[in-house]
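# Coordinates in review
Letter by letter, the chains look like this.
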Amino acid sequence: MTSIDAPASPSRPTASSPAAGTDPSDARTARSGTRTGTGARTGVDPAELHGPVLAWFDRHARDLPWRRPEAGAWGVMVSEFMLQQTPVVRVLPVYEQWLARWPRPADLAAEPPGEAVRAWGRLGYPRRALRLHAAAVAIRDRHRGDVPSDHGQLLALPGIGEYTAAAVASFAYGQRHAVLDTNVRRVLARAASGVQYPPNATTAAERRLARELLPDDEATAARWAAASMELGALVCTAKNEDCGRCPVADRCAWLLAGKPAHDGPPRRGQTYAGTDRQVRGRLLAVLRDSPGPVPQSALDAVWDEPVQRGRALDGLVSDGLVEPLDGGRYRLPLT
């Protein structure tokens, strides 16, 4: 889901949940050690991880609004879109404002997509706002305004990938799915596989390992998904991990191996200053702050370099985030 390490985004699973959408391949649970994608046994007994991590989660889970029962499936879905590549602290105020304005998918679907972009503010990656709006329209039109519980139906919604479908099914409906965001992948890489960091992109071996480590019981599996994500966000962080607070430090394969340094491909870093992404953000800020169309001159004023500015503006138009009008004017999209 994410390429940063802060945004743990699980919702509190419900006590009872439908089995619809459960991946049949998730039925496999290792009993005495797990094999990685290369066939090497990790030596980790899933039961030895579940109890300590779940007990830690019961004591240390953050009280976040999308974890509360009143958030519902729509609140969980909104949080999952917002938390992609964005830390919790930045998401909280926008999430609260969003749900106050659009408490149900149909409320958002009734507005122009440009209003979703405007309300998205400075969360970054604003195409997520358009995708969330498109998902709300589909939920209104295909599912009578209710976020579906079926994993396949979730996956068919615009802007919903494997991670988000599994997260909503698990966190909102208590189903049994492998929910693999950056935080979970890092916890499994260290505790089970004995390496400092997971691969840059999620692999089939990681997915198999995550399924093998799932508890059999649906409700417990949903709590495990939330708990392992929270552990990666608060303790088993990308930098300055706090092994002294880790509930499974005594059985972590990476720690027991002496915490060997990462020897895989370089980890992707994120830059912002001077990039097209920064220019796009400044152009969108002008449009968000204006109640109507703005002239080209207003956009020209926010970035001196004309080639990069033009490229960024063309990209915003191509992505559907900006609509060009006659007379060299621009606005947020209405359709």
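Computed from a prediction, not measured in an experiment: that's the story for all the values here.

With that out of the way, let us pick up the pattern of salt bridges. Enumeration according to the criterion identifies 18 salt bridges in this entry. Close ionic contact of Arg104 with Asp146 constitutes a salt bridge, the shortest N to O distance being 2.9 Å. Residue Arg104 is located in the loop between α3 (88-101) and α4 (105-109), and its partner Asp146 is located in the loop between α6 (127-142) and α7 (151-155); the two are separated by 42 residues in the primary sequence. Asp146 gets classed as partly exposed once you look at its relative accessible area, which sits at 43%. For the salt bridge of Asp319 with Arg127, the shortest nitrogen-to-oxygen distance reads 3.6 Å. With a gap of 192 residues between them, Asp319 in the loop between α15 (306-318) and β2 (323-325) and Arg127 in helix α6 connect regions that are remote in the sequence. Salt bridges sharing partners connect three or more residues here, namely Arg101, Glu111, Glu115 and Arg118.

This paragraph deals with the packing of helix α13 (residues 276-289) against α15. Between α13 and α15, whose axes approach to 9 Å, the crossing angle comes to 70°. Between α13 and α15, the angle is such that the two are roughly perpendicular. The two elements α13 and α15 cross, and the hand of that crossing is right-handed. Residues Asp276, Val279, Arg280, Leu283 and Leu284 of α13 form the contact with α15, whose participating residues are Gln308, Arg309, Arg311, Ala312, Leu313, Gly315 and Leu316.

So, on to the side chain of Arg185. Here Arg185 lies in helix α9 (residues 182-193). Apart from the residues within four sequence positions on either side, Arg185 is in contact with Leu180, Pro198, Pro199, Asn200, Ala201, Thr202 and Glu206.

Another point: the packing of aromatic side chains. Applying the stated criterion across every chain yields a total of three aromatic pairs. On the basis of an interplanar angle of 75° and a centroid distance of 4.6 Å, the ring pair of Trp98 and Trp102 is categorised as edge-to-face. Taking relative accessible area as the criterion, Trp98 reaches 1% and is therefore assigned buried. For Trp102, a relative accessible area of 1% gives the class buried. Between Trp98 and Trp120, the aromatic rings sit 5.8 Å apart at their centres with planes inclined by 80°, giving edge-to-face as the arrangement. Within this pair, whereas Trp98 is found in helix α3, its partner Trp120 is found in helix α5 (residues 113-120), the two being separated by 22 residues in sequence.

This paragraph deals with the state of the cysteines. Evaluation of the coordinates by the stated rule reveals zero disulfides. Free cysteine Cys236: the closest other cysteine sulfur is in Cys246, separated by 6.3 Å. Exposure remark for Cys236: the relative accessible area of 12% places this residue in the buried category.

In this model helix α1 (residues 46-60) runs 21 Å from its N-terminal to its C-terminal C-alpha over 15 residues, within 8% of the 21 Å that 1.5 Å per residue would give. Pro46, Leu49, His50, Val53, Leu54, Trp56 and Phe57 are the residues of α1 that are buried. When α1 is viewed along its axis, its buried side chains cluster within an angular range of 165° and face the same direction. Residues Ala47, Asp58 and Arg59 are exposed on α1 and point more than 90 degrees away from its buried face. Considering only its buried residues, α1 is in contact with α10 (204-212) and α11 (218-234).

With that out of the way, let us pick up unusual backbone geometry. Positive phi outside glycine occurs at Gln85, with the angle close to 65°. Relative to the elements of secondary structure, Gln85 occurs in the loop between α2 (72-83) and α3. Gln85 gets classed as partly exposed once you look at its relative accessible area, which sits at 24%. Look at Arg144: it is not a glycine, yet its phi comes out positive at around 55°. Relative to the helices and strands, Arg144 resides in the loop between α6 and α7. You can call Arg144 exposed: its relative accessible area is 80%.

Thresholds applied
Residues numbered from 1 in each chain as written. Predicted model: local features only at pLDDT ≥ 70, side-chain atom pairs only at ≥ 80, totals over all residues. Heavy atoms only, no water. Salt bridge = Lys/Arg side-chain N within 4 Å of Asp/Glu carboxyl O. Helix = DSSP H or I, 4+ residues; strand = E, 2+ residues; numbered from the N terminus. Buried < 20%, exposed > 50% of the residue type's maximum accessible area, 1.4 Å probe, protein only. Axes fitted to C-alpha atoms, helices over the stretch in contact; angles between N-to-C directions. Parallel < 35°, antiparallel > 145°, perpendicular 65-115°, else oblique. Left-handed = near helix turned anticlockwise from the far one by under 90°. Contact = heavy atoms within 4.5 Å. Phe/Tyr/Trp six-rings, centres within 6.5 Å; stacked < 30°, edge-to-face > 60°. Disulfide = S-S within 2.5 Å. Expected span 1.5 Å × (residues − 1). Arc of directions from axis to C-beta.

These results come straight from atomic positions and should not be treated as a statement about function.
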